[in-house]
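Structure assessment
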Amino acid sequence: MHQALLLETYEEANLGSLPVDISITSASLEARSREACAAATLPAEVRVAPSSCRGLQYLPGDGLHLRLQVQAGPDAKLVSTLSESLKPQKSYVFYCQSCGDIIRKEWKFLRVLPLPSENWSALVEEWCCHPNPFVRSTLHPQKDDCFLGDTFFLLNSGNELHVPGSPLCSSETGHHTSQSGSTLKSRENTRVICKRCKTMLGETVSSETTKYYVTEVIIRPSEEGFSTISRSQFVQSMIAQCLVEFSSAKSTFRFSIKGDDGKVYILIWLLNSDTLLVESLGSSSSHSVFTLFGDTLRPDSGPVGTWNAVKVLYQPCIKSRNKDLADAWENDIGVHPLTFPSETCLELLLILGLSNTSLPSSLRCMNSFQVAFLKM
């Protein structure tokens, strides 16, 4: 099934002096001057309508800009969200996304339930005409339960199964006490760490409850096995889908990205969730840099890669940058906080920065925000 989209394209090419002749077919774009010629071939699943060309301009040092109506094939397969992939009475294997080590094997849930929003207790107080009956209640999964949160899921660790020959993740849950004799556990002592690669996967919430972050764990049906996906692609896909789900369900478009240390790392404003992103292997300035994460184009995409993507505005907040704006968003009920491991927040910030620098200079900023794309 085809859908109508708008394609914003630019071509990095040194075409020399004007005039520049632009040729557009349903499958390619070509810019030709007296000194040089630059061409871009579209992937097989994307076709354009040449007569729909609008806003054509060539900016020296920036590239060729135009808008076209396109016909795109079926959406690319997305990384499944937890609510879609986890079903009761089905057996799953949990893997560390970073190294592929098995965390839990042959895990079958009797119940898979969504958790209420973070402010559910405050809302109950507004709804009830009597004291909040749940004020002392905590929501912890029972045996064979899985509770789905905004960016994490909770499992009961009472019947964890060991995998022969493969060490399970370790929980550094407080075997230490502070010199002052305090019984409070530090954040570091509740981290759940992959024993193979030492990546933080989550944290222990109680003696029988473990929290895993969706950006750190891959879940597959037992019969499918593990399939490798690059770290950068997985992180941006999972976070992009979190943004899209919340914007659709709660009409929330502004997000505060927080680390597990409680600090705000990034402010994100979702602009478009239906972007089609086409990158050429030859012209993508970010491709060589993304290999630091093992990111490559899809094997079936040839020299051009096509992704569904979201377009976002963002502001970094590390080292007290944009503190006033972060404080204002913190007190704004229209902003939804999303919490991930601090290391993942830094990875996301790097991914956004690389996406931003791959754009032509005229498209990198909007008002005081920076522009970036997250691939799905």
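Residues numbered from 1 in each chain as written. Predicted model: local features only at pLDDT ≥ 70, side-chain atom pairs only at ≥ 80, totals over all residues. Heavy atoms only, no water.

In UniProt, the protein has this text filed under Function (unreviewed entry): "E3 ubiquitin-protein ligase which accepts ubiquitin from specific E2 ubiquitin-conjugating enzymes, and transfers it to substrates, generally promoting their degradation by the proteasome. Independently of its E3 ubiquitin-protein ligase activity, acts as an inhibitor of CPSF3 endonuclease activity by blocking CPSF3 active site." UniProt annotates the protein under Catalytic activity (unreviewed entry) with the comment "S-ubiquitinyl-[E2 ubiquitin-conjugating enzyme]-L-cysteine + [acceptor protein]-L-lysine = [E2 ubiquitin-conjugating enzyme]-L-cysteine + N(6)-ubiquitinyl-[acceptor protein]-L-lysine." (UniProt positions renumbered as here; feature names shortened; annotations may be inferred.)

Details of the environment of Asn 308
Locating Asn 308 in the fold gives a position in strand 20 (residues 304-316). Judged by relative accessible area, which is 14%, Asn 308 ranks as buried. (Helix = DSSP H or I, 4+ residues; strand = E, 2+ residues; numbered from the N terminus. Buried < 20%, exposed > 50% of the residue type's maximum accessible area, 1.4 Å probe, protein only.)

Overview of the pairing of strand 8 (residues 91-96)
The buried count for strand 8 comes to six of six residues, which makes it a mostly enclosed element. Of the two faces of strand 8, the one lined by Ser 91, Val 93 and Tyr 95 and the one lined by Tyr 92, Phe 94 and Cys 96 are each fully buried. The antiparallel pairing of strand 8 with strand 9 (residues 102-108) creates a hairpin that spans five residues between the two strands, and Gly 100 there sits at a positive phi of about 85°. (Pairing = 2+ DSSP bridges.)

Focus on the side chain of Thr 252
Its place among the elements puts Thr 252 in the loop between helix 3 (231-250) and strand 18 (254-259). For Thr 252, a relative accessible area of 11% translates into the label buried.

Points about the nonpolar core
Judged by nonpolar contacts, the single largest core of 51 residues is most densely connected at Phe 94 and Phe 153. With nine residues, helix 3 is the single largest residue contributor to this core. In this structure, Val 20, Leu 29, Val 46 and Leu 64 belong to the second largest nonpolar core, which totals 14 residues. (Core = buried A, V, L, I, M, F, W, Y, C linked by side-chain atoms within 4.5 Å.)

Looking at the pairing of strand 4 (residues 37-41)
As judged from the five bridges shared by strand 3 (residues 28-32) and strand 4, these two strands associate in the antiparallel manner. Across the sheet, Arg 32 pairs through a bridge with Cys 37, a residue of strand 4. Counted along the chain from strand 3 to the antiparallel partner strand 4, the turn is four residues long.

Observations regarding the confidence of the model for the protein
With 73% of its residues at a pLDDT of 70 or more, the protein shows a mean pLDDT of 78. Confidence, expressed as mean pLDDT per element, reaches its minimum in the protein at helix 4 (residues 287-290) with 36 and its maximum at strand 18 with 97. Contacts from residues 173-184, a stretch scored under 50 in pLDDT, to residues over four places away or in other chains number eight contacts. Across residues 283-302, confidence stays below pLDDT 50; counting only partners more than four residues off in sequence or on other chains, it has 35 contacts. (pLDDT = per-residue confidence, 0-100. Contact = heavy atoms within 4.5 Å.)

Considerations on the pattern of salt bridges
Applying the stated criterion to the full structure yields 10 salt bridges. Between Glu 330 and Lys 258 there is a salt bridge; the shortest N-O distance is 2.9 Å. With Glu 330 in helix 5 (residues 323-330) and Lys 258 in strand 18, this residue pair connects regions lying 72 residues apart in the sequence. Assessed through its relative accessible area of 15%, Lys 258 is described here as buried. Ionic contacts of the salt-bridge type, sharing partners, join the residues Arg 191, Asp 260 and Glu 343 into one network. (Salt bridge = Lys/Arg side-chain N within 4 Å of Asp/Glu carboxyl O.)

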